[in-house]
Amino acid sequence: MRLVFAGTPEVAIPALDALAASEHEVVAVLTRPDAPAGRGRALVPSPVTSRARELGLAVWQPASLRDPSFLDLLRAAEVDLCPVVAYGNLIPQAALDVPVHGWVNLHFSLLPAWRGAAPVQHAIIAGDEITGASTFQIEAGLDTGPVYGTLTEPVLARDTSGDLLGRLAQAGAGLLVATIDGIARGELNAVPQSPDGVSRAPKIEVADARLDFAHPALAIERRIRGCTPAPGAWSTFRGERVKFGPAVLGDGDPLAPGELRVGKNQVEIGTATSPLILGGVQPLGKRSMPAADWARGARIAPGERLGA
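All of these numbers come straight from a predicted model, not from anything done at the bench.

Engineer: It is not clear to me how the environment of Ala37 should be interpreted in this structure. Could you clarify?
Structural biologist: Here Ala37 is to be found in strand S3 (residues 35-37). Taking the C-alpha atoms as reference points, Ala37 and Leu74, separated by 37 residues in sequence, lie 29 Å from one another. If we ignore the near neighbours within four places in the chain, the residues touching Ala37 are Ala42 and Val44.

Take a look at the structure:
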């Protein structure tokens, strides 16, 4: 099969590598345009752009997939199928109609659960014990197309979204290649998604990552892991934003929500239930550090609270 691979972030690289090593031909890689980053706001290529160039593949970076020049380029490539992993843009119908076998997406959930941009983050925040990945035919709806194949993956007790997404990216790469192999041989048919069990996974914004210590400890612990590494769970301390790494459920005496208790080697934070033992703490403009080191430097007074 002649393929144009579409993807942008680092999580798409395992699939690109697997397809480049497969019996299929990746004729080009479609990715987002270079974006400004860092203090100098210099234009930086996406991780997929960099990897595609290392592999010697042609890179397409159209500003819009509705651009007639891009559609002409796609038609001229005589593409059989376009595999997609976290490209970051909706595919217009005019582009969906070009490849012989359409566009096949690798999505990191067991569809129809967690349709949207942040399925792994939402699975962790919701406390799912099992998640997975699905390959499906892209259509006009958001992650609503018929499914070719799935795999399952346990959500471990200490998984961050970065941990879980890394495992799914590796396993999902094999699923994507197997899906394309099956389509090429004419042995694989997509099955419509069930109308039951639909859930949504919109992008986690910075505001969504703010911790509310009036919630139960377990819910806060899951939100921290779900927002790690991005956008980063946070609250405020003495009027400034502070980010938090994964915490541990404690069993000490209760504290008021947000109240800090500093021990010799640990820092606890009050919730609606039991306290949480804080892990890494990153004050504004500084690197992450162990919570005990942060507390010593901040000289936390008895009764001080986060989020006050």
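Engineer: I would appreciate a short explanation of the side chain of Thr8 in the present structure.
Structural biologist: Locating Thr8 in the fold gives a position in the loop between strand S1 (2-7) and helix H1 (13-20). At 3.4 Å, the side chain of Thr8 forms a polar contact with the backbone nitrogen of Arg32. Those residues in contact with Thr8 that sit more than four places away from it in its chain are Thr31, Arg32, Ser46, Pro47, Val48, Val85, Ala86 and Tyr87.

Engineer: So what exactly am I meant to see when it comes to the pattern of salt bridges here?
Structural biologist: Proximity of charged atoms lets side chains of opposite charge pair with each other. Going through the model one piece at a time under the given rule, you end up with 12 salt bridges. Arg2 serves as the salt-bridge partner of Glu25, at 3.4 Å between the closest nitrogen and oxygen. Of this pair, Glu25 sits in strand S2 (residues 25-30) while Arg2 sits in strand S1, and the two are 23 residues apart along the sequence. Taking relative accessible area as the criterion, Glu25 reaches 43% and is therefore assigned partly exposed. With a closest N to O distance of 3.0 Å, Asp72 and Arg75 form a salt bridge.

Engineer: In this structure, what is going on with the sheet that holds strand S16 (residues 280-283)? I would like to understand it.
Structural biologist: Sheet strands pair by backbone hydrogen bonding; their relative direction is either parallel or antiparallel. Within the open sheet, the four strands sit side by side as S10-S11-S16-S17. Their pairing is antiparallel. If you trace the sheet from one side to the other, it starts and ends with strand S10 (233-237) and strand S17 (289-290), each paired once. Pairing geometry for S10 and strand S11 (residues 240-244), over five bridges, is antiparallel. Directly across from Ala233, in S11, lies its bridge partner Phe244.

Engineer: What is the right way to look at the sheet that holds strand S15 (residues 276-277) in this model?
Structural biologist: If you trace the four strands from one edge of the open sheet to the other, you get S12-S15-S14-S13, paired in antiparallel fashion. The open sheet has two edge strands, strand S12 (248-249) and strand S13 (260-262), and neither has a second partner. Two elements, S12 and S15, share two bridges in a ladder whose sense is antiparallel. Bridge assignment links Leu249 to a residue of S15, and that residue is Leu276.

Engineer: Before we go on, may I ask you to explain the pairing of strand S7 (residues 103-107) in this structure?
Structural biologist: On a regular strand, one side chain projects to one face of the sheet and the next to the other, so that they alternate. Judged by how many residues are buried, S7 sits mostly within the fold: five of five residues are covered. Going residue by residue along S7, you find Trp103, Asn105 and His107 tucked away on one face and Val104 and Leu106 tucked away on the opposite face as well. The pairing of strand S6 (residues 82-85) with S7 spans three bridges and is parallel. Looking at S7, one finds that Pro83 is bridged to Val104. Taken together, the four bridges between S7 and strand S8 (residues 130-137) define a ladder with antiparallel strand orientation. The residue of S8 that forms the bridge with Val104 is Gln137.

Engineer: So what exactly am I meant to see when it comes to H1 here?
Structural biologist: The α-helix winds at 3.6 residues per turn, so residues separated by three or four positions along the chain end up facing the same way. Taken as a whole, H1 has its buried residues at Ile13, Pro14, Ala15, Leu16 and Leu19. Along its buried surface, H1 packs onto S1, S2, helix H2 (47-54), S6 and helix H6 (161-184).

Engineer: Would you explain the packing of aromatic side chains in this entry?
Structural biologist: Geometrically, a pair of aromatic rings is defined through the distance of the ring centres and the angle of the planes. Applying the stated criterion across every chain, the model contains two aromatic pairs. Centre to centre, the rings of Trp60 and Phe70 are 6.2 Å apart; their planes meet at 80°, and the pair counts as edge-to-face. One end of the pair, Trp60, is in strand S5 (residues 59-60); the other, Phe70, is in helix H3 (residues 68-76), and 10 residues separate them in sequence. The same class applies to Trp60 and to Phe70, which are both buried. Above the ring of Trp234, the side-chain terminus of Arg241 is found at 3.9 Å from the ring centroid.

Engineer: Help me understand the pairing of S11, please; the structure alone is not making it clear to me.
Structural biologist: Counting the residues between successive antiparallel strands, the hairpin from S10 to S11 contains two residues, one of them, Arg238, with a positive phi of roughly 55°. Bridge count for S11 against S16 is three bridges, and the pairing is antiparallel. Bridge pairing in S16 places Phe244 opposite Val281.

Engineer: Whenever I open this one, the packing of helix H5 (residues 119-126) against helix H7 (residues 217-226) confuses me. Can you help?
Structural biologist: The angle between the axes and the distance between the axes are what describe a pair of packed helices. Axis separation between H5 and H7 bottoms out at 7 Å; the angle between their running directions is 165°. One finds that H5 runs roughly antiparallel with respect to H7. H7 is crossed by H5, and the crossing has right-handed handedness. Facing H5, whose interface residues are Gln121, Ile124, Ile125 and Ala126, H7 presents Arg222, Arg223, Arg225 and Gly226. For the contact of H5 with H7, the class distribution of residues is three nonpolar, two polar and three charged.

About the thresholds
Residues numbered from 1 in each chain as written. Predicted model: local features only at pLDDT ≥ 70, side-chain atom pairs only at ≥ 80, totals over all residues. Heavy atoms only, no water. Helix = DSSP H or I, 4+ residues; strand = E, 2+ residues; numbered from the N terminus. Contact = heavy atoms within 4.5 Å. Polar contact = N/O pair within 3.5 Å; in protein donor to acceptor, adjacent residues only side chain to side chain. Salt bridge = Lys/Arg side-chain N within 4 Å of Asp/Glu carboxyl O. Buried < 20%, exposed > 50% of the residue type's maximum accessible area, 1.4 Å probe, protein only. Pairing = 2+ DSSP bridges. Phe/Tyr/Trp six-rings, centres within 6.5 Å; stacked < 30°, edge-to-face > 60°. Lys NZ or Arg CZ within 6 Å of the ring centre and 35° of its normal. Axes fitted to C-alpha atoms, helices over the stretch in contact; angles between N-to-C directions. Parallel < 35°, antiparallel > 145°, perpendicular 65-115°, else oblique. Left-handed = near helix turned anticlockwise from the far one by under 90°. Nonpolar A, V, L, I, M, F, W, Y, C, P; charged D, E, K, R; others polar.

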